[in-house]
Amino acid sequence: DAGVIQSPRHEVTEMGQEVTLRCKPISGHDYLFWYRQTMMRGLELLIYFNNNVPIDDSGMPEDRFSAKMPNASFSTLKIQPSEPRDSAVYFCASSPAGYNEQFFGPGTRLTVL
Amino acid sequence: AQSVTQLGSHVSVSEGALVLLRCNYSSSVPPYLFWYVQYPNQGLQLLLKYTSAATLVKGINGFEAEFKKSETSFHLTKPSAHMSDAAEYFCAVRGVFQGAQKLVFGQGTRLTINP
């Protein structure tokens, strides 16, 4: 299996622009997680899905952030409008049902100027 | 609430020396505990996990961790450090009840290996 795939790997944008991050989980995994990693706050869980349904979005920082999972093989995290404080590395992870181990993608490094 | 505390944000050891990274947990239920490693510009990779079986858990790359309930600890060790072990290490505990699929991560410990 190719593992969790994220795109783009790097994104540089200007404040106010819309940003869309993409994730393809490992085939057969029922859970998908979005994390944000910064020096100041460490690794934060933003939202997670079970069978394409959002279960817990309490970590989403503001209404500017939204996430969707239209099918089992694809998820997006959107920031609109983006702000410089959104600069971070965003990770997607997936997990099989009944297990706690999460498999992480390589991350998307977002820079908002 | 579940939580983990990693003692020491930075640890530096000499090549060939013992590696000891400390993690203490708080959990209202029997915990499942994890150690992940993150190499520069990469995602997190599972090193090992404790799921209530043997208290001494062996992982990849020669790492192991011992679950000590009396001390609420799950410290990570490796007898002899290698230059390739330089990375950031995260301890994590699973959530509870409806959030059992979630992992709560510590702040991480950056391990530096001196030649």
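You'll find the structure just up there.
These lines cover the structure that appears in this document, whether it is placed above or below. Worth saying up front: this structure is predicted, and the values here are computed from it rather than measured.

Some words on the sheet that holds strand 3 (residues 19-26) of chain B
Residue and element names in this part refer to chain B.
Next, step 1: Taking strand neighbours across the sheet as the criterion, the five strands line up as 1-3-8-7-6 in an open arrangement whose pairing is antiparallel. A strand with exactly one partner marks an edge of an open sheet, and here the two such strands are strand 1 (3-7) and strand 6 (56-58). Taking the axes of each pair of neighbouring strands and ignoring which way they run, one obtains an average angle of 20 degrees across the sheet.
Next, step 2: Relative to strand 8 (residues 73-78), strand 3 is paired through four bridges, and the arrangement is antiparallel. When the bridges of strand 8 are listed, Leu 20 appears paired with Thr 77.

Section: the pattern of salt bridges
Residues and elements named next belong to chain A.
Next, step 1: Tallied over the full model, the rule gives 13 salt bridges over all chains.
Next, step 2: Across the pair Arg 64 and Glu 62 runs a salt bridge whose closest N-O atoms are separated by 2.8 Å.
Next, step 3: Classification of Glu 62 as partly exposed rests on a relative accessible area of 26%.
Next, step 4: For Arg 64, the salt bridge goes to Glu 83, with nearest N and O atoms at 3.6 Å. With Arg 64 in the loop between strand 6 (53-56) and strand 7 (65-71) and Glu 83 in the loop between strand 8 (74-79) and strand 9 (88-95), this pair connects stretches of sequence that are 19 residues apart.

As for the interface of chain A and chain B
Next, step 1: Listed by partner, the interface residues are 24 residues for chain A and 20 residues for chain B.
Next, step 2: Taken over both partners, the interface formed by chain A and chain B buries close to 1600 Å², and the fraction arising from carbon and sulfur atoms is 48%.
Next, step 3: Of the charged contacts in the structure, one is a salt bridge between B:Lys49 and A:Glu101, with a shortest N-O distance of 3.8 Å.
Next, step 4: Applying the counting rule to chain A against chain B returns three residue pairs in polar contact (both at pLDDT 80 or more).
Next, step 5: Elements that contribute at least two residues to the side of chain A that touches chain B include exactly strand 4 (31-38), strand 5 (42-50) and strand 9 of chain A.
Next, step 6: Class assignment for the residues of the side of chain A that touches chain B results in 12 nonpolar, seven polar and five charged.

Calculation rules
Residues numbered from 1 in each chain as written. Chains lettered and ligands numbered in written order. Predicted model: local features only at pLDDT ≥ 70, side-chain atom pairs only at ≥ 80, totals over all residues. Heavy atoms only, no water. Pairing = 2+ DSSP bridges. Helix = DSSP H or I, 4+ residues; strand = E, 2+ residues; numbered from the N terminus. Axes fitted to C-alpha atoms, helices over the stretch in contact; angles between N-to-C directions. Salt bridge = Lys/Arg side-chain N within 4 Å of Asp/Glu carboxyl O. Buried < 20%, exposed > 50% of the residue type's maximum accessible area, 1.4 Å probe, protein only. Contact = heavy atoms within 4.5 Å. Buried area = accessible area lost by both parts, 1.4 Å probe. Polar contact = N/O pair within 3.5 Å; in protein donor to acceptor, adjacent residues only side chain to side chain. Nonpolar A, V, L, I, M, F, W, Y, C, P; charged D, E, K, R; others polar.

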